[in-house]
Amino acid sequence: QVQLVESGGGLVQPGGSLSLSCAASGSAFSIYTMAWYRRGPGKQRELVATITSGRMTNYADSVKGRFTISRDNAKNMVYLQMNSLKPEDTAVYYCNAYKNTVWTGIGDYWGQGTQVTVSA
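Residues numbered from 1 in each chain as written. Predicted model: local features only at pLDDT ≥ 70, side-chain atom pairs only at ≥ 80, totals over all residues. Heavy atoms only, no water.

A. Structural view of the pattern of salt bridges. All told, the structure shown has four salt bridges when counted by the stated rule. R38 is paired through a salt bridge with E46; the nearest N and O atoms lie 2.8 Å apart. Two residues, D61 and K64, come together in a salt bridge whose shortest N-O distance is 2.9 Å. Relative accessible area serves as the criterion here: at 64%, D61 is assigned to the exposed category. (Salt bridge = Lys/Arg side-chain N within 4 Å of Asp/Glu carboxyl O. Buried < 20%, exposed > 50% of the residue type's maximum accessible area, 1.4 Å probe, protein only.)

The structure is reproduced here in structure tokens:
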């Protein structure tokens, strides 16, 4: 029903910036809460940021003030702008689409992930 494809990962130096993109399929993109998760080496999956259909955002404490999540419903895209990157930001970043209301139904979809490596 929903397919997600992440892009924009790569290697960046500490203090640098990187932008991730997630392209979503489907005409119902706007009803989903979108999120970025990440999984670092030997770590559990961590919720990084969320953005609702109404464009309300939330961030993990570890990225507040450094990362910005945004969405463009007309283009079925969600973005993650990452600034002031730290080595501990190194992880595979995953795009997620979620819905769970009586009006929207239930859905939970994941992209394949994109690698972000922060290293001097």
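The discussion continues.
B. Spotlight on the state of the cysteines. Counted by the stated rule, this structure contains one disulfide. The partner cysteine of C22 in its disulfide is C95, sulfur to sulfur 2.1 Å. Sign of the S-S torsion, about -85° for the bond between C22 and C95, identifies this disulfide as left-handed. Of this pair, C22 sits in strand β3 (residues 18-24) while C95 is found in strand β9 (residues 91-101), placing the two residues 73 residues apart along the sequence. Each member of the pair C22 and C95 is classed as buried. (Disulfide = S-S within 2.5 Å. Helix = DSSP H or I, 4+ residues; strand = E, 2+ residues; numbered from the N terminus.)

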